[in-house]
Amino acid sequence: MSATQEHHTHPHEHYFVPAKSRLPILTAFAMFVLVFGSARLFVDMSQNKNSIGEWILLAGFLMLAWVLYVWFAHIIKENQAGLAGPQLNRSYVWGMGWFIFSEVMFFAAFFGALFYVRTFAGPWIGGEGAKGATNMLYEGFKYSWPMLSNPDNSQFTPPQGVIHGMGLPALNTLILIASSFTLTMAHFSLRLNERPQLVRWMLLTVALGIVFLMLQITEYYEAYNHLGLTLASGIYGSTFFMLTGFHGAHVTIGTLMLIVQLLRCQQGHFTEHDHFGFEASAWYWHFVDVVWICLFVFVYLL
Amino acid sequence: MTTLDHDHSDHGPAKGLSRWLFSTNHKDIGTLYLWFSLSMFFLGGLFAMVIRAELFQPGLQLVQPEFFNQMTTMHGLIMVFGAVMPAFVGLANWMIPLMIGAPDMALPRMNNLSFWILPFAFAMLVSTLFMEGGAPDFGWTFYAPLSTTYAPPSVTFFIFAVHIMGASSIMGAINVIATILNMRAPGMTWMKMPLFVWTWLITAFLLIAVMPVLAGVVTMMLMDIHFGTSFFSAAGGGSPLLFQHLFWFFGHPEVYIMILPAFGVVSAIIPAFARKKLFGYHSMVWATASIAVLSFIVWAHHMFTVGIPFAGELFFMASTMLIAVPTGVKVFNWVATMFHGSMTFETPMLFAIAFVVLFTIGGFSGLMLAVAPADFQYHDTYFVVAHFHYVLVPGAVFSIIAATYYWLPKWCGRMYNETLGKTHFWLSFIGVNVTFFPQHFIGLAGMPRRIPDYAVQFADFNMVSSIGAFFFGSSQLLFLFIIIHTIVAGKKAEAKPWEGAEGLEWTVPSPAPHHTFETPPDVK
Ligand SMILES: [Cu+2]
C-alpha cells in the first residue's frame, strides 16, 4: 500500500499535526459567554433594566483574551522549537490570506450599504429616478449628501454638520500611509537582520498607529459634541460611524498585533527568511491601510 | 523533521470524552460534525412536523399563529445552518484529507474550534424558544423591519448566534481551502482531484466571500435595534430594501454552498456504480466554477416584486437563467456517465439517481421562478416552497444520505444492511414526492407561504402534503436505526467495498486508521 512506502527519490516533510488540545473548545466557550453576555446586556439595556449581562460579557471577554493569549504563545513556542516546517508555514500563509479576504468582504457589505443609499435609496426617497414615487412617503424631502435633513427629522435628529475630509482625516491618511512605509522599512531591516533598525522602525509604526487612533477619538468627540453627528442621526451618521468605527477597531487589533511582533523582535525571534508572524501582521496592517484610503475617498471626500 | 514526535506520539485515539472534546483529528472532528448535523436534522424535522400538523386541515387546530411563525423560522434556520451545512463540513473533514492523500486538515486545532462553536451557537438559538416574547418569528430570511422594529427581544440572541456560527463557517472554509491548496500528495494535480474536492474548494471560496456579508447585515440589524442607526429605516434615509439586497447577496451563494458539495458527492457515486469514468470531468470543474461566479450576480431574483428598476428585473432575470447552462452540463454529464454503464443499484446509487431526477425538477421550477413577470404570480406562494424543498431535500439531503451509505463502511469498517437501506430509500423517495409535489399546485393556485390557516380550496392537497411529510419524517428514524445498527452489528467491510469505486480513500483499510497518509502517497 502506497501509504506506508518509503520515498527515496524525493523525501517528504512530515506535516506537523498537533496533539489534542483544550484551547479550541475553551475558545468556543469563551466566545459563547461573550456573545451571550452582550445579547443579555443589549436586551436589558433596551428595556431599561439592570443587567447582569455586562458581567457575563466582561467574563467572556477576559476568558477569550486569556485563551487566545495562551494559544498564540503556544504556537510561538512551537514555532521557536522548530516544529513548523515550510509546508505548515504555507498553511498559515493561505489561512491568513483568506482571513484577510473575509475581512475585505465584511467591509464590502458596509461600503455596499453606503453606495446603495447614495445611488438608489436616497435619490428615490427624494423623488428622483426609477422609483421616485417613493417620495410620497416623505413629501417635500429633498435628497442631498451629506444628509443634513432626514426624511423624518422627528424620528432621527439630523446632524448640524459633518467632518470634512481636509482636516483631521487628511492628516490621518498621511499618518497611516507613513505607517505602512515605516512597517515596510522594518521588514527590510528584518530581512537584512539589522535588529536595532528593525526595533526602531517597529516602534515608530506602533506609535503612528496609536496617534491615528487618538486623532480618531478626537474626531468622534467633535462629531458627537459639536456637530450632533451620531449613530442615531440618520443614515449619514449610521454609515459614517459603522465604517470608520469598524476600521478603528481593526486598527486597534492591528496595533496590538504589531506590538506583539515588536516584543518578539526585541526578544530576538524571527530569522531573515522565516518570520511569518511578522509578515501576517504586516499584511493585516496594509489591508487596514487600504480600507482607510477607500474610507477617505468615499466617506470623507466624495 | 524528527524532533516533533514528542508532541505527537499518540497514534491511537485518546480515551474517553477528551477524544472528542480536545480532538485535532480530522476523522473525529468529521464524525462530530456528522452527528451534530443528524441531531439538528431531527430537531428541524420535528419543527417541520409541527408545521405540517397545523396545515393538515384549514383553520387553527394545534398552535397559535405566533408559534407557527416561530416554527417556520426555526425550521429553516436549523435545517440550513445546523443540518445541511455542518453535514457537508463533516463530509469534507472526513473525506478531503483521505481523497488528496493528506495526513490531516491543514489547521487541526482551528478545525476543532470551528466545530465546537456550533453546539454553543445552536443552544443559544434554540433557547430563544423559551424566552419572553418567543423565538424569532420573521422567517429564516429575517427581512427588516420584521426582524428589527417588530421583532421579539430574542432577535438579539439570534443575531449573536448567527455571528458565531458565521465565524465557525469561515474558519471551516479557510481550513478546507488551505488543505486543498497546500496538502495534496505529490502527483495529485488540479485535474486529478476528485470532484468532491473541487466542489468543496469552490464552496469554501463562496463561504469566505459571503459569510462576512451575513455578519455585516446582522450587525446592521443589531445597530438598528439597539443603537438607533437607520440602515433599514426609510425615516432616517436608509431602506428596508437594503436589507434584502445584502441578505440575498449572501443568500444566493448560500444555496450553492448547500448544493455544490452535493454535486461532488453525486459525481463520486454515479461513476462508482455505473462502473465507468465520470463523463466530462473537465466540463464538471468548469461548470462548478461558472455556477459559483454567476451566483454573485443573480441575487435580486428574490426581489422581483419588491420594486426594483425595470433594468434590474431584466438583468437579474437573464443572469439567473444563465445558471441553467452549467447546471444542465452537469445533469447531462451524470446521465452520460450512466449511459452504457454496467449499473447496479445499491442504496447510495439509488439516492444519487433520485438526486439527479428530483434536483432537476427543482432546477426547472427555479427556471420558472426566474421569469420576472411570471414571478409576480409565484412570489411568496407554496410554489416557491416546493421549488426550494425539491433542491434541498431530494437535492442536498439525499446527497448527504447517499454519501453516508457510500462512505459509512470506510468510517466505521462495517457494511449497512442493503435491504434496510433500500427500504429507507423507497420510503424517502415516496415520502418526499408526496410531501412536496402537491405544493407546486397549491402554490400556482395562489396559496401564500408562511401562514397557519388557508382557504378551503387548498385543503385536499395540504392534507396529502402533510401525510407525505409524516411519512417522510418517520422514515428518517429508519435511517438513524440503520446507522446505529451498522456501527453496532454491521458485517465487516473490506477496504474497498464497492467494486467500481475509485480514489485514494479506498486504498486505506476500513475503518480508516486514526492517522492516514502520514507519509504522502505517490499519485500516478
Ligand atoms: Cu437565489
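A quick note: this is a predicted structure, and the numbers were derived from the prediction, not measured.

A.B. asks: Whenever I open this one, the overall build of chain A confuses me. Can you help?
C.D. replies: Within chain A, the regular secondary structure consists of seven helices and zero strands. When its helices and strands are written in sequence order, chain A yields α-α-α-α-α-α-α. For a compact globule of 302 residues, the expected C-alpha radius of gyration is about 19 Å, and chain A comes in at 24 Å, more than 25% above that figure. Once the C-alpha set of chain A is aligned to its principal axes, its extents read approximately 80 × 40 × 40 Å. For chain A, buried positions account for 37% of its 302 residues. Residue pairs at least 24 apart in sequence account for 67% of intrachain contacts in chain A once pairs closer than 6 positions are excluded.

A.B. asks: Would you take a moment to explain the overall build of chain B for this structure?
C.D. replies: If you tally the helices and strands in chain B, you get 16 helices and two strands. Taking 2.2 N^0.38 as the reference for a compact globule, 524 residues should give roughly 24 Å; the C-alpha atoms of chain B span a radius of gyration of 23 Å, in line with that estimate. Seen along its three principal axes, the alpha-carbon backbone of chain B occupies a region of about 65 × 50 × 45 Å. Among the 524 residues that make up chain B, the fraction classed as buried is 60%. When contacts within chain B are restricted to residue pairs at least 6 apart in sequence, those whose partners lie at least 24 apart make up 83%.

A.B. asks: Help me out: how do you make sense of the domain arrangement of chain B in this one?
C.D. replies: Interface size is often expressed as the accessible area that is lost when the parts come together. Residues and elements named next belong to chain B. Along its sequence, chain B is carved into domain 1 (23-241) and domain 2 (259-514). Measuring from the centre of the C-alpha atoms in domain 1 to the corresponding centre in domain 2 gives 19 Å. For the side of domain 1 that touches domain 2, the secondary-structure elements that each account for two or more residues are α2 (26-54), α3 (65-100) and α6 (195-226). The leading source of residues in the side of domain 1 that touches domain 2 is α3, at twelve residues.

A.B. asks: In this structure, what is going on with the nonpolar core? I would like to understand it.
C.D. replies: What tends to happen in soluble globular proteins is that the nonpolar side chains get buried as a cluster. Counting residues in each nonpolar core, the largest one holds 255 residues, and the members touching the most others are Val84(B), Ile117(B), Ile164(B), Ile177(B), Val217(B), Ile269(B) and Ala402(B). If you tally residues by element for this core, the top one is α6(B), at 25 residues. With sequence-adjacent residues up to four places away left out, Ile177(B) is seen in contact with Trp94(A), Trp98(A), Leu201(B), Ala204(B) and Phe205(B). Counting residues in hydrophobic clusters, the runner-up holds six residues, among them Tyr15(A), Phe16(A), Val17(A) and Leu88(A).

A.B. asks: What is the right way to look at the interface of chain B and chain A in this model?
C.D. replies: With 73 residues of chain B at the interface, the matching set in chain A holds 70 residues. At eleven residues, the largest contribution of residues to the side of chain B that touches chain A is made by helix α5 (residues 155-182) of chain B.

A.B. asks: Any chance you could explain the UniProt feature "transmembrane region" (unreviewed entry) in chain A here in plain terms?
C.D. replies: Residue and element names in this part refer to chain A. Those places that UniProt annotates as "transmembrane region" (unreviewed entry) correspond, in this numbering, to residues 23-43, 55-76, 96-117, 170-192, 198-218, 239-263 and 283-301. Secondary structure within residues 23-43 divides into 100% helix and 0% strand; the distance between the first and last C-alpha atoms comes to 30 Å. The span residues 96-117 is 100% helix and 0% strand, and its two end C-alpha atoms sit 32 Å from each other.

A.B. asks: I would appreciate a short explanation of the packing of helix α12 (residues 347-370) of chain B against helix α14 (residues 382-412) of chain B in the present structure.
C.D. replies: Geometry of a packed helix pair, given as the angle between the helix axes and the separation of the axes. Residue and element names in this part refer to chain B. The geometry of α12 relative to α14 is characterised by a closest axis approach of 8 Å and an angle of 160 degrees between their N-to-C directions. Comparing the axis directions of α12 and α14 gives the class roughly antiparallel. Our pair here, α12 against α14, has a crossing hand that is left-handed.

A.B. asks: Teacher, can you tell me more about the domain arrangement of chain A here?
C.D. replies: Taken domain by domain, chain A holds domain 1 (20-71) and domain 2 (87-301). Here the C-alpha centroids of domain 1 of chain A and domain 2 of chain A sit 26 Å apart.

A.B. asks: So what exactly am I meant to see when it comes to the confidence of the model for chain A here?
C.D. replies: In low-pLDDT regions, the fine details of the predicted coordinates are not to be read closely. Residue and element names in this part refer to chain A. On average, residues of chain A score 92 in pLDDT, and 96% of them are at 70 or above. Mean pLDDT across the elements of chain A bottoms out in helix α2 (residues 53-80) (95) and peaks in helix α6 (residues 235-266) (97). Contacts for the low-pLDDT stretch residues 1-11, under 50 throughout, to residues beyond four places or in other chains number twelve contacts.

A.B. asks: Even after reading the chapter, I still don't get the environment of Phe437(B), so can you show me in this structure?
C.D. replies: All names here are of chain B. Mapped onto the elements of the fold, phenylalanine 437 is located in helix α15 (residues 418-444). Accessibility expressed as a C-beta count within 10 Å gives 17 for phenylalanine 437, which makes it partly exposed. Taking the C-alpha atoms as reference points, phenylalanine 437 and alanine 318, separated by 119 residues in sequence, lie 27 Å from one another.

A.B. asks: Sorry if this is basic, but what is going on with helix α7 (residues 276-301) of chain A here?
C.D. replies: Residue pairs spaced three or four apart in an α-helix point in one direction, given the helix's 3.6 residues per turn. Residues and elements named next belong to chain A. The terminal C-alpha atoms of α7 lie 36 Å apart, and with 26 residues this matches the ideal 38 Å at 1.5 Å per residue to within 8%. Where α7 bends most, at leucine 295, the angle is about 30 degrees. Against the buried residues of α7 lie α2, α3 (86-125), α4 (168-191) and α6.

A.B. asks: It is not clear to me how the environment of Met284(B) should be interpreted in this structure. Could you clarify?
C.D. replies: With respect to the helices and strands, Met284(B) occurs in helix α9 (residues 281-294). Apart from residues no more than four positions distant in its own chain, Met284(B) is found in contact with Leu195(B), Ser267(B), Leu278(B), Lys330(B) and Asn333(B).

A.B. asks: Is there a simple way to think about unusual backbone geometry in this case?
C.D. replies: With glycine set apart, most residues show a phi of negative sign, and most peptide bonds adopt trans. Each neighbour pair has its own omega, and for Ala144(B) with Pro145(B) the value is 0 degrees, a cis peptide bond. Tracing the sequence through the fold places Pro145(B) in the loop between α4 (108-127) and α5. The linkage connecting Ser510(B) with the following residue, Pro511(B), adopts the cis geometry, with an omega of -5 degrees. The topology assignment puts Pro511(B) in the segment after β2 (491-492). Phi at Asn193(A) takes a positive value of approximately 55 degrees, unusual for a residue other than glycine. Turning to its location among the elements, Asn193(A) is positioned in the loop between α4 and α5 (195-227). Of note, the phi angle at Arg275(B) is positive, near 50 degrees, even though the residue is not glycine. Locating Arg275(B) in the fold gives a position in the loop between α8 (260-274) and α9.

What counts and what doesn't
- Residues numbered from 1 in each chain as written.
- Chains lettered and ligands numbered in written order.
- Predicted model: local features only at pLDDT ≥ 70, side-chain atom pairs only at ≥ 80, totals over all residues.
- Helix = DSSP H or I, 4+ residues; strand = E, 2+ residues; numbered from the N terminus.
- Rg over C-alpha atoms; globule rule 2.2 N^0.38 Å.
- Buried ≥ 20, exposed ≤ 12 C-beta atoms within 10 Å, placed from the backbone.
- Contact = placed C-beta atoms within 7 Å.
- Domains from an automatic or database assignment.
- Core = buried A, V, L, I, M, F, W, Y, C linked by C-beta atoms within 7 Å.
- UniProt positions renumbered as here; feature names shortened; annotations may be inferred.
- Axes fitted to C-alpha atoms, helices over the stretch in contact; angles between N-to-C directions.
- Parallel < 35°, antiparallel > 145°, perpendicular 65-115°, else oblique.
- Left-handed = near helix turned anticlockwise from the far one by under 90°.
- pLDDT = per-residue confidence, 0-100.
- Expected span 1.5 Å × (residues − 1).
- Bend = angle between axes of the 7 residues up to and from the residue.

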